[in-house]
Amino acid sequence: MKLRASITDWISAVRNLVAPRYRPELHYMRGPGPAFARRAVMVQSRRELQILQAPPRHR
């Protein structure tokens, strides 16, 4: 029984060395990413620019 387990472990190690399995959880990117962050900064700066360019309101 131990011999069989050792052989399967060895075969599994060789297989992973030759052709590793794709594991998407290792490559999954959590969150929106850097492009979203750049866009958020651009939107915020555009809003601030509109506020600065708007004529002052008189009460």
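## Looking at the overall build of the chain
In terms of regular secondary structure, the chain is built from 3 helices and 0 strands. Taken from N to C terminus, the helices and strands of the chain fall in the order α-α-α. In the chain, which comprises 59 residues, the share counted as buried stands at 0%. Accessible area for the chain stands at about 6,500 Å²; split by element, carbon and sulfur atoms hold 62% of it.

## Some remarks on the confidence of the model for the chain
A residue-level look at the chain finds 80% of positions with pLDDT of 70 or above and a mean pLDDT of 78. Per-element confidence in the chain ranges from a low mean pLDDT of 70 for helix H3 (residues 34-53) to a high of 92 for helix H1 (residues 2-18).

## Examining a nonpolar patch on the surface
A surface patch of nonpolar side chains, about 780 Å² in accessible area, is lined by Leu3, Ile7, Trp10, Ile11, Val14, Leu17 and Val18. The residue isoleucine 7 is located in helix H1 in this model. Classification of isoleucine 7 as partly exposed rests on a relative accessible area of 41%.

The rules behind the values
Residues numbered from 1 in each chain as written. Predicted model: local features only at pLDDT ≥ 70, side-chain atom pairs only at ≥ 80, totals over all residues. Heavy atoms only, no water. Helix = DSSP H or I, 4+ residues; strand = E, 2+ residues; numbered from the N terminus. Buried < 20%, exposed > 50% of the residue type's maximum accessible area, 1.4 Å probe, protein only. Areas by Shrake-Rupley, 256 points an atom, 1.4 Å probe, with all protein chains shown as cover. pLDDT = per-residue confidence, 0-100. Patch = residues over 30% accessible without salt bridge, like charges linked within 9 Å, V, L, I, M, F, W, Y side chains within 5 Å. Salt bridge = Lys/Arg side-chain N within 4 Å of Asp/Glu carboxyl O.

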